Amino acid sequence: MEPAAVGKPPEAFLKEFALHHDRLFAYLFSLLPHRPDAEDVFQRTSLILWQKFDQWDPASDFLAWACGVAFYEVRNFIRVASRDRLRFGEGLLETLSKERTAALKQRDDRVAALQECLKKLDQGERDLLQRAYVDEESIRELAARDGRAAQTLYNRLNLLRKRLLECSDLRVGLQGGKA
Amino acid sequence: MTRPDGHAELMDLVAAVVNGTLTPTQHERLQELLVADPDARRLYFDYLDLHLALGQIHAAGRVPRAQRRLGRWIAAAAAAVLFCGALLFFMTRASKPEPVAVLLQSASARFYGAGEFLRVGAEIVPLREYPLKAGRAELRFRNGVTAIMEGPAVFEVRDDMHLRVNFGKCSVHVAPGAEGFAVETPLTKIVDRGTRFAVDVDEAGETEVQVVEGKAEVQGVVLTPGAGKRYSVGEGRDVPYDQRRFPMEMPDRVVRYTTAPRKGSTGAETLTGLTVRRGGRELTYAVPELIGIEVIHFKNLLKNGKFIATVTDGPDPALSGGSRTALLEEDANINTGVINPGGSVTPLATDPVMNDPEDPQRPNTPGMAVRFRKPVINHAGPDVVLFDFQPVIQPEYGDPFHVSPLHFAPGLRSHTVTRFDLGTFSPEAQIIAGFRLNQLEGPVRCLSELRTTPLRGTNFTVTSKLLAVGIDLSDLGYPPGAAVDGIFIQDVLDDGNQVDPVFLAGLPPLVKP
């Protein structure tokens with residue numbers, strides 16, 4: 001018998017991984033809504049995917065395979081995580097996993113739609129997003145100093161995200177015809 | 001599409017998730033909402049995606065923070081190491097040889113394991129156990145040996161000359177030059193000395209062997225055609241020869257189809273061609289070669305609120321003087337059709353009633369009737385193909401339906417299609433581009449009501465696949481060579497979902513090979 005890792009070139013792994021790692025993270029984040037947890041499991045999953053890459057059938061969907069591996073890691077993580085951690089029940093995890101894997105395919109359409117919606121924002125709104133997503137520590141630091149000011153920022157941000165979500169919905173939805 | 005107002009609370013909770021401020025109480029509540037409602041889950045996914053996408057879009061201008069971005073750096077370092085490894089690898093290793101065995105054909109073959117979707121042409125990796133849950137799969141070894149496995153079965157390709165069958169049925173055809181090819185089972189080993197044999201292994205490993213052509217050798221004994229033997233531990237005993245119990249051939253069916261995508265999207269929009277196995281021959285047709293249809297009757301009495309619908313790609317065609325039934329009749333667009341045709345639990349045994357308007361004394365038959373633009377000739381295998389859109393969350397084998405003759409005559413009967421040839425799990429079933437779902441605002445009793453009842457439209461956003469099934473007119477009792485002018489279709493009303501025809505056509509007459 002040959003050693004396990006002989007079948008596929010590592011380059012193939014890098015290619016698939018680069019192509020799909022954003023979606024894989026999106027998958028994990030929806031199962032583990034506490035971001036540091038999701039990052040933790042993402043890290044572990046990445047390594048395992050690399051180790052098990054030889055078991056992946058190139059004719060099958062890499063993302064689906066990766067999500068399968070990731071799901072197993074999520075369950076492992078939840079089993080050993082301390083009781084006070086925020087986590088979903090087994091049934092919900094399974095449902096989310098199944099529906100999420102299917103929904104990831106449409107994610108690109110939504111990202112494209114979002115990009116269009118961003119073009120319509122005014123300068124103040126752009127600054128707000130800049131603050132939240134580029135200097136992402138600044139709101140946290142603000143929250144530590146002045147909780148109320150931070151809450152105001154969060155509220156504005158939440159409203160803006162809601163608007164962007166509705167705008168994306170509309171753009172994605174409108175592909176099918178006039179509403 | 002607008003998000004229902006009821007989701008305001010959910011929206012706040014998901015915002016707390018992405019802001020990193022979710023409290024344990026909020027987490028509880030979030031879980032409750034997600035468990036209860038698929039729409040809530042969709043919103044949750046979309047909101048998270050929005051947040052992640054905003055992060056990516058702004059990532060260009062971001063300075064990595066040492067601690068938070070540690071993960072990325074590890075990934076980058078790993079990538080660098082891997083890349084060096086890749087270079088080394090290519091410098092020292094030749095390109096990959098032809099695989100020992102590949103999946104040559106699949107008929108609703110379902111392999112066990114998450115995401116284990118094997119596409120036709122995929123490698124069957126040696127020394128890996130493949131549990132085939134259902135359907136048939138044909139393997140081809142690089143030395144020309146072919147084996148048809150029938151699920152449920154568990155098998156493993158050991159090398160060029162050995163197939164291990166731990167459970168289930170298979171038939172093996174050994175190409176010249178590969179004599180000596182062996183099927184191993186838990187209790188015995190069958191060595192080919194000729195061309196064709198079949199094997200059935202039960203849970204205890206007991207093995208039945210049937211020789212169809214040539215010879216096969218089991219435990220030193222040579223079996224000749226027509227021989228059937230059953231082996232447990234020790235001697236074999238004779239069993240009746242019956243090759244019908246074995247998967248000797250791949251079934252006639254819709255094998256695959258081709259589509260064109262919608263511009264600027266990855267989803268399929270137009271059917272361009274299909275490949276059908278008819279009487280053991282694989283034939284490929286372009287859509288214009290197929291025999292078109294005309295909808296001549298439609299009745300669905302399900303109450304308001306249920307889906308009674310036509311699918312369109314845009315506004316209701318009736319608003320601009322067009323025809324709704326043309327959505328199924330005139331085009332190869334698979335985002336359009338006339339769906340949810342109504343039905344009956346019991347299949348028809350007499351001629352359907354199809355008056356327009358409906359005669360209150362003699363109510364019309366629920367369902368949909370179509371007439372072929374020219375008669376379809378009954379041959380072996382599928383004669384008519386039906387394509388259906390199926391949300392991936394609905395039954396994976398498609399929605400069952402009855403097919404009946406338009407005019408009953410002695411010998412003719414209804415036939416129930418319970419499984420599509422290409423189900424949602426088939427890698428060959430493609431994802432459909434988004435479409436608009438129009439619901440009729442009232443019950444429809446006849447064709448003219450289908451044309452005039454007001455429609456209410458919504459955009460349909462659940463990922464849906466295009467399923468396909470071949471209908472064999474012989475199953476309706478038509479003799480070979482019969483010319484058939486139309487069929488009647490009824491959902492079997494087994495659940496809330498009805499069959500959704502988006503493309504329906506007859507196959508052209510077979511030309512003798």
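Just so it is clear, the structure is predicted and the values come from calculations on it, not from any experiment.

Chemist: Hey, could you go over the overall build of chain B for me, with residue numbers and the actual values?
Modeler: Helix and strand content of chain B: 6 helices and 27 strands. Sorting the 513 residues of chain B into buried and exposed places 43% on the buried side. Contacts spanning at least 24 positions in sequence make up 64% of the contacts within chain B whose residues lie at least 6 apart.

Chemist: Explain helix α1 (residues 8–19) of chain B residue by residue, including any values.
Modeler: Residue and element names in this part refer to chain B. In this model, α1 (12 residues) spans 16 Å end to end at C-alpha, consistent with the 16 Å of a helix rising 1.5 Å per residue. Within α1, the full set of buried residues consists of L10, M11, L13, V14, A15, V17, V18 and N19. Taken from the residues just after α1, G20 is the one with a positive phi, measuring 75 degrees.

Chemist: Describe the nonpolar core, listing the residues and the values that go with them.
Modeler: The biggest cluster of nonpolar side chains holds 62 residues, and the ones touching the most others in it are V254, V385, F387, L466 and A468 of chain B. Dropping the residues within four chain positions of it, L466 of chain B is found in contact with A268, I334, F387, F389, A429, Q430 and I432 of chain B.

Chemist: Account for the sheet that holds strand β21 (residues 401–405) of chain B, with residues named and values stated.
Modeler: Residues and elements named next belong to chain B. Taken in spatial order, the 5 strands line up as β16-β19-β26-β21-β22 in an open sheet, and their pairing is antiparallel. Sheet topology places β16 (293–299) and β22 (415–417) at the edges, where each strand pairs with a single neighbour. Across the sheet, the mean angle from the axis of one strand to that of its neighbour is 25 degrees, orientation sign disregarded. Here β16 runs beside strand β19 (residues 367–377); their pairing, made up of 6 bridges, is antiparallel. By the bridge assignment, I293 is partnered in β19 with F372.

Chemist: Residues and numbers for the environment of H173 of chain B, please.
Modeler: Residue and element names in this part refer to chain B. Relative to the elements of secondary structure, H173 occurs in strand β4 (residues 162–173). Sequence separation between H173 and D192 is 19 residues; the distance between their C-alpha atoms is 9.1 Å. Contact partners of H173, with chain neighbours within four places excluded, come to V145, T146, T195 and R196.

Chemist: I'd like to hear about the sheet that holds strand β15 (residues 281–286) of chain B, residue by residue, with values.
Modeler: Residues and elements named next belong to chain B. Pairing within the open sheet is antiparallel, and its 3 strands lie in the order β13-β14-β15. Of all the strands in the sheet, the pair left with one neighbour each is β13 (253–261) and β15. The sheet shows a mean angle of 25 degrees between the axes of neighbouring strands, direction not considered. One ladder, built from 6 bridges, connects strand β14 (residues 268–278) with β15; its direction is antiparallel. Bridging across to β15, R277 finds its partner in E282.

Chemist: Requested: an account of the packing of helix α2 (residues 35–51) of chain A against helix α3 (residues 62–80) of chain A, with residues and values cited.
Modeler: Residue and element names in this part refer to chain A. One can describe the packing of α2 onto α3 by two numbers: an axis separation of 9 Å at closest approach and a directional angle of 130 degrees. Between α2 and α3, the angle is such that the two are oblique. Seen along the crossing, α2 lies across α3 with a hand that is right-handed. Residues D37, V41, R44, T45, I48 and L49 of α2 touch α3, and the partners they reach there are A66, V69, A70, E73, V74 and F77. Its residues assigned to classes, the contact of α2 with α3 shows 8 nonpolar, 1 polar and 3 charged.

Chemist: Outline the packing of α1 of chain B against helix α2 (residues 24–36) of chain B, supporting the account with residue identities and numerical values.
Modeler: To characterise two packed helices, one gives the angle between the axes of the helices and the distance between these axes. Residue and element names in this part refer to chain B. Relative to each other, α1 and α2 sit at 125 degrees, their axes nearing to 10 Å. As far as their axial angle goes, α2 and α1 are oblique. As α1 packs across α2, the resulting crossing turns out to be left-handed. Contacts between α1 and α2 involve L10, L13 and A16 from the first element and Q26, R29, L30 and L33 from the second. Of the residues in the contact of α1 with α2, the class split is 5 nonpolar, 1 polar and 1 charged.

Chemist: I'd like to hear about the pairing of β21 of chain B, residue by residue, with values.
Modeler: Residues and elements named next belong to chain B. Along β21, 5 of the 5 residues are buried, which leaves the element largely enclosed by surrounding structure. The pairing of β21 with β22 spans 3 bridges and is antiparallel. Bridged to H402 within β22 is T416. Pairing between β21 and strand β26 (residues 483–491): 5 bridges, direction antiparallel. The residue of β26 that forms the bridge with F401 is D491.

Chemist: Any details on the confidence of the model for chain B? Residues and values, ideally.
Modeler: Residue and element names in this part refer to chain B. Put simply, chain B has an average pLDDT of 82, and 86% of its residues get 70 or more. Of all secondary-structure elements in chain B, the lowest mean pLDDT belongs to helix α4 (residues 70–92), at 46, while β21 reaches the highest, 97. For residues 62–74, every residue scores under 50 in pLDDT, and the model assigns this stretch 8 contacts once sequence neighbours within four places are set aside. Below a pLDDT of 50 lies the segment residues 83–96, which in the model reaches 8 contacts outside its immediate sequence neighbourhood of four places, other chains included. At the level of chain-chain contacts, confidence expressed as ipTM amounts to 0.90, with global pTM at 0.58.

Chemist: Go over α3 of chain A, please, and point to the residues and values.
Modeler: Across its 19 residues, α3 of chain A extends 27 Å between first and last C-alpha, which sits within 8% of the 27 Å expected from 1.5 Å per residue. F62, L63, W65, A66, C67, V69, A70, F71, E73, V74 and F77 of chain A are the residues of α3 of chain A that are buried.

Chemist: Mind laying out the environment of H7 of chain B, listing which residues take part and the relevant values?
Modeler: Residues and elements named next belong to chain B. Position of H7 among the secondary structure elements: in the segment before α1. On the basis of neighbour counts, which here come to 20 C-beta atoms within 10 Å, the residue H7 falls in the buried class. Separated by 36 residues in the primary sequence, H7 and L43 place their C-alpha atoms 8.4 Å from one another. Here H7 is in contact with A40 and L43, once residues within four sequence places are set aside.

Chemist: I'd like a description of unusual backbone geometry, backed by residues and values.
Modeler: Residue and element names in this part refer to chain B. A cis amide bond links G151 with the next residue in sequence, P152, at an omega value of 0 degrees. Inspection of the secondary structure puts P152 in strand β3 (residues 146–159). A cis amide bond links D356 to the next residue, P357, at an omega of 0 degrees. Located in the positive-phi region is S108, a residue other than glycine, with phi close to 50 degrees. Mapped onto the elements of the fold, S108 is located in strand β1 (residues 101–111). With a phi angle near 55 degrees, L493 is a residue other than glycine that sits in the positive phi range.

Reading the values: rules and limits
In every chain, residue numbers begin from 1 and rise along the written sequence. Lettering for chains starts from A, numbering for ligands starts from 1, and both go in the order in which the items are written. The predicted nature of this model means local features are confined to residues of pLDDT at least 70 and side-chain atom pairs, given and counted, to a pLDDT of 80 or more, with totals for whole chains, interfaces and linings taken over all residues. Strands here are runs of E lasting at least two residues and helices are runs of H or I lasting at least four, both read from the DSSP assignment and numbered beginning at the N terminus. Using C-beta atoms placed from the backbone, we call a residue buried if 20 or more other C-beta atoms fall within 10 Å of its own, exposed if 12 or fewer do, and partly exposed for counts in between. Once C-beta atoms have been placed from the backbone, residue pairs whose C-beta atoms lie within 7 Å are recorded as contacts. By definition here, a helix of n residues has an expected span of 1.5 Å times n minus one. For this analysis, nonpolar core means a set of buried Ala, Val, Leu, Ile, Met, Phe, Trp, Tyr and Cys residues linked through C-beta atoms within 7 Å. Between any two strands, pairing holds if DSSP finds at least two bridges. Inter-axis angles, ranging from 0 to 180 degrees, are taken between N-to-C directions of lines fitted to C-alpha atoms, where helices are fitted over the stretch in contact. For this classification, under 35 degrees means roughly parallel, over 145 means roughly antiparallel, 65 to 115 means roughly perpendicular, and everything else is oblique. Should the near helix be turned anticlockwise from the far one by less than a right angle, the crossing is left-handed, and should it be turned clockwise, the crossing is right-handed. Side-chain classes are defined by residue name, with Ala, Val, Leu, Ile, Met, Phe, Trp, Tyr, Cys and Pro counting as nonpolar, Asp, Glu, Lys and Arg as charged, and the others, Gly among them, as polar. The quantity called pLDDT is the predictor's confidence in a given residue, expressed from 0 to 100.

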